[in-house]
Every structure is written in C-alpha cells, then in structure tokens.
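# Summary of the model geometry
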Amino acid sequence: MNKSDIKDKKLAPAGNLRIEWAGSQMKVLSLLKERFQKEKPLKGITLGACLHVTAETANLMIALKAGGANLALCASNPLSTQDDVAASLAFDYDIPTFSIRGEDKKTYYEHLNTVLDFHPQITMDDGADLVTLLHTERKNQLPGVIGSSEETTTGIIRLRAMLKDGTLKIPVMAVNDSNTKHMFDNRYGTGQSTIDGIIRATNVLLAGKKFVVCGYGWCGRGLATRARGMGAQVIVTEVDPLKALEAIMDGFEVMPKGAAVKVADIICTATGNKAVLSVADLENAKDGIIVSNTGHFNVEFDYDGLVKIAKRRRTLRNNLEELILTNGKKIFVLGEGRLINLASAEGHPPDVMDMSFANQALAAEYLVQNQNHLAVGVYTLPKELDDMIAALKLESLGVKIDKLTPEQKKYLSSWNEGT
Ligand SMILES: NC(=O)c1ccc[n+]([C@@H]2O[C@H](COP(=O)([O-])OP(=O)(O)OC[C@H]3O[C@@H](n4cnc5c(N)ncnc54)[C@H](O)[C@@H]3O)[C@@H](O)[C@H]2O)c1
C-alpha cells in the first residue's frame, strides 16, 4: 500500500462504484485511456496533480496511469474532496492520494508539499497552488520539471501574472483556454452544479426568487441561464460593459451590486475576483439573503469579515450557516464561501468533465512530446486537439454532422466571388 493520507480506508468500495459510474459517462477520456494503455506516452514520467478529488478526477488519474505515469494526487480545495473516491484511488488503484474533505489550511499545504516530495516532472493544477509552491518554497525542484497544466480561469490569471513579472520558469498548458473546456465545463458544468449545490445546502425553491449572479463570464452565463430555467428572476452584476450588454440582450436585468443586494433572495459570485461583496455591501442586503460563491477561491465575498462582525452564528444544515448581524439582519452563508458546487454538491457532471480531462490528458502527452522545444510560457493546446475532442464527443453522443465540400472550402478561402 502506498503512503496515502485519506479519511477512511473503509470508504473505498463506495468510492470505487462512484468512479465506475462517472467513468461510464466519460467516453472521450475512455478512448484516450485505451490509446494510452497501448502506447504508454507517459512511461516513466512522475506527475503530481492538485485537482478536486472527485470521481471524474479519479478517471483522469486512471487514464494517466494507463499511459505509464507514476502519480501523486492532492486536493485543490480543502472542501471539495470526495473521501470515498480518495480512499478508492489509494486502495483500489494504488495511486498515492493526499486529501481529506474539510482539512485545515496547514494540512492542505502539507498535502501539496507531499505531492512535490515525489519530484514530479509534470504538475497539474486547478487554481495554480502547486505551481506557486514550486516557484516559491520548492524552487530547487524547478530544473527537473518539464511543465505544468492548468485547469481553471483563476489559475490561468495567476500564471499569466507570473509570466508577466518574470517569475514563471516552466511552460504551462492552459487547459481552461481550450474551447472544449471553458465553453462547456465553465458554462454548462458550473451552471448546473452550482444550482445543485445551492439546492442541496438549502432546499429552497428557486421559482419566483430574485437570483443575483455577480460576473457574466463563462460560469456566470451558465448559472444565470440555469437559474432562469428553474423559474428565478435573474439579475446580473458586472464590471465589463460588453458582458453587461450581453446579459441585457440575453434578457437579464443588470444593475450595480449595491442595488442588487437590496432585492436579492439569493446571490452567487462567479467572477474569479476578490472583494466583490464586502461586509458593508452585505450589511445593506435584504434581510434573509442567501450568499454563495462558485468562483475558484473563497475571497469573492468577505466570509471572514461577516463572521467577525456577526453577533450570533449557527449551522442550520450542512453548508448552511445563519449569521445574525448587529443591525439585526440575517444572512445565510453557504459552504463558508468556498465554491458551492463542490462544497455542497459533487462538482461538474462527468459528461462535461470528460472533455476537460481529455484536454488534461492530452496536455500531459503534449508536454512530454514537446519537452525539448517548449520555452517558458502559457500555451493553449493546438486547435487540432481541441477539434478532435469535440469530434469524439459528438461521436460518443451519436451525433453526425455535415462536411464542407471541396467547392465550399475553395469559396471560404477565396475573395473573388462577390455580388
Ligand atoms: N465552480 C466551479 O466548478 C468552477 C468551474 C470553472 C471555473 N470556476 C471559476 O469561476 C471563476 C469565473 O470563471 P469564468 O471562466 O466564468 O471567468 P470569466 O473571466 O469568463 O468571467 C468572469 C467575469 O466576472 C466579471 N467580474 C470581474 N470582477 C467583477 C466584479 N467585481 N463584479 C462583477 N463582475 C466582475 C468579469 O468582467 C468577467 O465577465 C474563476 O474563479 C474560475 O476559476 C469555477
């Protein structure tokens, strides 16, 4: 048995079933796994991953192992681990796994450090915590690293900032920037699973509620659309005029946050930014507002500040806290401000993680294949790979599409046929 740190070995059988079910919905990743099994593109490579430890991630780990990689896995958020899945990865699949749901910050970073103790040549991140550690406290390991890959918008923002100020020392594949990732995972995955998380935490009826979405990017768009689908009256807050305009034309009301909090029954941040809702904003909110976040870090609204000023605090259900402020208002906070779809539900459905993790698997292969000529930088996966994933996904759905005729191809690349 490897030296994993997981909650309870006895949870492994339940985790194994959950992994099996998720895998059955991940057809593109399964095809890649079959190819990896035969070709072993990651043979001898040590890969350290810091991802949400879910059944979908387990299937990615299994595919990478089939490709010949030696793995170590830790969580990319203290509240997102599925303990049964972690147990199964450690015991049934012999993948060293270091994650326990609800671990404190110290343990979280100990687990990241343990993964780096394996001296990975490739790292895989969701939020760039592992890469940050590698470029700060564990700098001495950088010469042995081929590169990294990054799953989410917030991670890419951090990596581009590292590149800009000269801190980044390795090539990184921006998996989030593949079309088959952000257009589907961020939009449809976050849209559905965030609603799922809010409902599991509260069991509120969305129909007729005023539901405020802060940020109308890929995640915000998905969330706004799905909340409307459940009958909520959706209001959007934005800082980007273009996105605000898009929200208006998509049929949503747009207003500043100060006005939005006063009418919101439920508010959810999806910005990838910090301090979107301050304590002062929430002190002015409608009495009984439900406050949640689905952005990567728990900094989008000031949870700690609210706890500090609250005169009473009770946990009513899993992931549902009641805070009573000195002005007498009640605020209901979900999942301590951590991304609610993973804190309170199961994260994105496997069907959509299929494409995200096909990108991750191909990114690892790409880094190995191109290790001798990739300079330091943040790269998007080649368009052919993105298109291939889309084509395989369509095939797995049994959907056929038309092909351009030679005449159409010529027409689309010429200028001389006009009116
Ligand atoms: N919950 C999940 O499972 C999940 C999945 C994917 C991405 N994410 C995370 O969700 C966040 C958003 O990702 P995205 O892909 O939608 O990013 P995005 O860049 O497409 O959209 C973010 C939007 O927020 C807006 N914004 C920024 N600051 C704001 C503010 N102060 N007030 C209002 N709007 C503001 C931006 O203008 C932008 O339109 C990131 O942190 C990302 O890592 C979470």
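Residues numbered from 1 in each chain as written. Predicted model: local features only at pLDDT ≥ 70, side-chain atom pairs only at ≥ 80, totals over all residues. Heavy atoms only, no water.

### A word on the packing of helix α1 (residues 12-24) against helix α4 (residues 83-91)
Packing of α1 against α4 leaves a shortest axis separation of 7 Å and a crossing angle of 95°. Compared by their axis directions, α1 and α4 come out roughly perpendicular. Between α1 and α4, the contacting residues are Ala12, Ala14, Gly15, Asn16, Arg18 and Ile19 on the first element and Asp84, Val85, Ala87, Ser88 and Phe91 on the second. Class assignment of the residues belonging to the contact of α1 with α4 gives a composition of 6 nonpolar, 3 polar and 2 charged. (Axes fitted to C-alpha atoms, helices over the stretch in contact; angles between N-to-C directions. Helix = DSSP H or I, 4+ residues; strand = E, 2+ residues; numbered from the N terminus. Parallel < 35°, antiparallel > 145°, perpendicular 65-115°, else oblique. Contact = heavy atoms within 4.5 Å. Nonpolar A, V, L, I, M, F, W, Y, C, P; charged D, E, K, R; others polar.)

### Points about the side chain of Arg338
If you trace the backbone, Arg338 turns up in the loop between β14 (330-334) and α14 (340-343). Buried charged residue Arg338 carries no salt bridge. Nearest counter-charge: Glu336, at 4.6 Å. (Buried < 20%, exposed > 50% of the residue type's maximum accessible area, 1.4 Å probe, protein only. Lys, Arg positive; Asp, Glu negative; His and termini not counted. Salt bridge = Lys/Arg side-chain N within 4 Å of Asp/Glu carboxyl O.)

### What to know about the site of the ligand
Taken together, 27 residues are adjacent to the ligand, and Thr152, Thr153, Thr154, Glu238 and Asn341 come closest. Here the ligand has 870 Å² of accessible area as a free molecule, and 87% of this is covered by the chains. Sorting the residues of the shell around the ligand by element identifies α7 (153-164), α8 (179-202) and α9 (218-229) as the ones contributing at least two each. The class makeup of the residues in the shell around the ligand is 7 nonpolar, 16 polar and 4 charged. (Near = heavy atom within 4 Å. Areas by Shrake-Rupley, 256 points an atom, 1.4 Å probe, with all protein chains shown as cover.)

### Things to note about the packing of aromatic side chains
Taken as a whole, this structure holds 4 aromatic pairs when the rule is applied. Judged by centre distance (5.8 Å) and plane angle (65°), the ring pair of Tyr216 and Phe252 falls under edge-to-face. Note that Tyr216 is positioned in the loop between β7 (210-214) and α9 and Phe252 in the loop between α10 (241-249) and β9 (253-254), a separation of 36 residues in sequence. Comparing Tyr216 with Phe252 shows no difference in burial state: the two are buried. (Phe/Tyr/Trp six-rings, centres within 6.5 Å; stacked < 30°, edge-to-face > 60°.)

### Digging into the nonpolar core
In this structure, Leu42, Leu47, Leu60, Met61, Leu64, Leu89 and Met124 are the most contacted members of the largest nonpolar core, which totals 52 residues. Ranked by residues supplied to this core, first place goes to helix α15 (residues 350-369) with 11 residues. Other than its neighbours up to four places away in sequence, Leu42 contacts Phe36, Leu64, Gly67, Gly68, Ala69, Ala364, Glu365 and Val368. In terms of nonpolar packing, the next biggest core, distinct from the first, is built from 23 residues, Tyr108, Ala128, Leu133 and Ile170 among them. (Core = buried A, V, L, I, M, F, W, Y, C linked by side-chain atoms within 4.5 Å.)

### Details of the sheet that holds strand β5 (residues 147-150)
An order of β3-β2-β1-β4-β5-β6-β15 is seen for the 7 strands of this open sheet, with the pairing classed as parallel. The sheet is open, and its two edges are formed by β3 (97-98) and β15 (377-379), each paired on a single side. Sheet strands in contact with α7 are β5, β6 (171-174) and β15, and its direction is about 145° off that of β15. Where α15 meets the sheet, its contacts fall on β1 (46-50), β4 (122-125), β5 and β6, and the angle it forms with β4 comes to roughly 155°. (Pairing = 2+ DSSP bridges.)

### What to know about the pairing of β6
Along β6, one buried face is formed by Pro171 and Met173 and the opposite face, lined by Val172 and Ala174, is buried too. As judged from the 3 bridges shared by β5 and β6, these two strands associate in the parallel manner. By the bridge assignment for β6, Ser149 is matched with Met173. Handedness of the β-α-β unit built from β5, α7 and β6 comes out right-handed. Judged from the 3 bridges that link them, β6 and β15 form a sheet pairing that is parallel. Of the residues in β15, the one forming a bridge with Met173 is Tyr379. (Right-handed = clockwise from strand over helix to strand, strands pointing away.)

Note that all results are geometric; they support no functional claim without further evidence.
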